[in-house]
Amino acid sequence: MSLLRIDGRSLRIRLLCWLSGIAIIVTGATWLLHGILLQDLARDFLGERLKREADHAIEQVKQDHISTPVVLDSASRGFQVFHHLYVLRLGSDISSSDPRWVKALNFLLDDTSDALVEVRDGEQHILVYRRSFSLEEERGVLLVGEDFSQVEAGLHELHWWVAAIAAVLLLLLVLLNILAVNRGLIPLSRLRDQLGKLRTGDQERLSLDVPSELDSLVIQLNRFMDEIDSRLQRSRDSVANLSHALKTPLAAVTQVLRGTRPIDDTRRQKLVQRLEEIHAQLDAELRRSRIAGPNAGRMSDLHRDCTRLTEMFRGLYPNINFTMSLPGEFEKRVPIESQDFSEMLGIVLDNAGKWASSKVDSRIVLDDVLRITVEDDGPGVPVDDLPRLGQRGRRLDESHPGYGLGLSILWQLMTRYAGKVRFEPSALGGLCVRMEVPIKESTD
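Procedures and definitions
Residues numbered from 1 in each chain as written. Predicted model: local features only at pLDDT ≥ 70, side-chain atom pairs only at ≥ 80, totals over all residues. Heavy atoms only, no water. Pairing = 2+ DSSP bridges. Helix = DSSP H or I, 4+ residues; strand = E, 2+ residues; numbered from the N terminus. Axes fitted to C-alpha atoms, helices over the stretch in contact; angles between N-to-C directions. Contact = heavy atoms within 4.5 Å. Salt bridge = Lys/Arg side-chain N within 4 Å of Asp/Glu carboxyl O. Buried < 20%, exposed > 50% of the residue type's maximum accessible area, 1.4 Å probe, protein only. Phe/Tyr/Trp six-rings, centres within 6.5 Å; stacked < 30°, edge-to-face > 60°. Core = buried A, V, L, I, M, F, W, Y, C linked by side-chain atoms within 4.5 Å.

## A look at the sheet that holds strand S4 (residues 124-135)
Pairing is antiparallel in the open sheet, where five strands are placed in the order S2-S1-S5-S4-S3. Two strands bound the open sheet, and with one partner strand each, they are strand S2 (93-96) and strand S3 (115-121). Ignoring strand direction, the axes of neighbouring strands in this sheet form an average angle of 20°. Both S4 and strand S5 (residues 138-147) contribute to a ladder of 10 bridges, which runs antiparallel. Its bridge partner being in S5, Phe 133 is matched across the sheet by Gly 140. Here helix H1 (residues 11-63) sits on the sheet and contacts strand S1 (84-90), S3, S4 and S5; the angle it forms with S4, its principal contact strand, is near 35°.

Written out as structure tokens, the structure reads:
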């Protein structure tokens, strides 16, 4: 039973079903149209021939009215061989190549318009051309007919021969579709093999030697692999940083705890300070490890996140007036991971809240670039010291708690998102931080 099972999710099966279905519909429609057009063509051809015969017969009648019976007698004999018939009404006289047709075709004599008419008499299908004329001031109507049954039989046989040929061509077309689909899916098989090699470590990245329709897929997969490698490298760097940064403080704390000297207040304060440094280092590295980057596939709701952060810092610093300027159409989402955006804006707002005297102003502008500006009215930073802001562990003032790690994390965030951060003197008297993050993803 498994051999007869068809995988409905298979792209190959779907393509073959669609292509075969379309081929059957097109072939069937073509065959039907062939039958209709072939019969119409035969009808028009015979009708034109009957018209010429009617014109010829009328010319003979007009040339010698006395020879009309001779003409009809000749037509009567010809009907036996060529399946033609003649019915002539001239005035009140009616003559016919075969008397039985007078009754069958009498209704056609009442109309004097020229026309090609189909008449069925039992199993016979007669094609009749009606031609009106005038002879010696008398109105006449001539009917010239031909048995269409044998022609139809021949057309019917030809039509079914065409059906047999079409079936063979359809089978050939299906086989060619199978071959074309199989060859067309070869790049997917190669891509599957590359993914297998990628999983086993035999290949680091996917090759772009694929059809152009798969370029975007391969590029995205390679970016995903780059992101995984980047996160792995960040994890390794974090472990190395923690190992390097915590080794000395931990050794000092262990030495004090293992020693026999009594722990007085001074030494206790130093131990607490060392432990706080360890805690700050752990917190900073954990925050760095949570940086998702621009390829995380997550979006930030700027209005929601900005409002939440502003309200949070108003609670942390109740004496500081935090204001946030957002455009009216700011109900938008941008391709920045929500936690990353919270870190970006939160670090700067927290730093401004610590140093501000009474006010922190924030402005956000959104076009092709997300522009964030945060200013405070604090003491500010000397111009010569501005380039040193963001250096890891560097603190320009020890009067406020902290370890100088926040701005270094901000620099890392900006690097991850190909953004820029600038520190300038603020018009309010304190520090102005300007951040720019491109939000349109590259398609190359």
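## Thoughts on the pattern of salt bridges
Under the criterion given, the structure shown has 19 salt bridges. With a shortest N-O distance of 2.7 Å, Glu 146 and Arg 49 are connected by a salt bridge. Placement of Glu 146 in strand S5 and of Arg 49 in helix H1 is noted, with a sequence separation of 97 residues between them. Under the relative-accessibility criterion, Glu 146 is labelled buried at 8%. Taken together, the shared-partner salt bridges in this structure form one network comprising Asp 367, Arg 371, Arg 422, Glu 424, Arg 434 and Glu 436.

## Here's the deal with the packing of aromatic side chains
Within the structure shown, the criterion is met by five aromatic pairs. The interplanar angle of 55° and the centroid separation of 5.2 Å between the aromatic rings of Trp 31 and Trp 160 together place this pair among those described as tilted. With Trp 31 in helix H1 and Trp 160 in helix H4 (residues 149-184), this pair connects stretches of sequence that are 129 residues apart. Clustering of aromatic rings is evident, with ring pairs tying together Phe 313, Tyr 317 and Phe 322.

## Some remarks on the nonpolar core
In this structure, Phe 341, Leu 370 and Leu 410 are the most contacted members of the largest nonpolar core, which totals 38 residues. Once residues lying within four places of it in the same chain are set aside, the contact partners of Leu 410 are Met 344, Ile 347, Val 348, Val 421 and Met 435. Among the nonpolar cores identified, the runner-up in size contains 19 residues, and Ile 58, Tyr 129, Phe 148 and Leu 155 belong to it.

## A few points about the environment of Ile 347
Within the secondary structure layout, Ile 347 lies in helix H9 (residues 338-355). For the pair Ile 347 and Ser 408, spaced 61 residues apart in sequence, the C-alpha to C-alpha distance is 9.9 Å.

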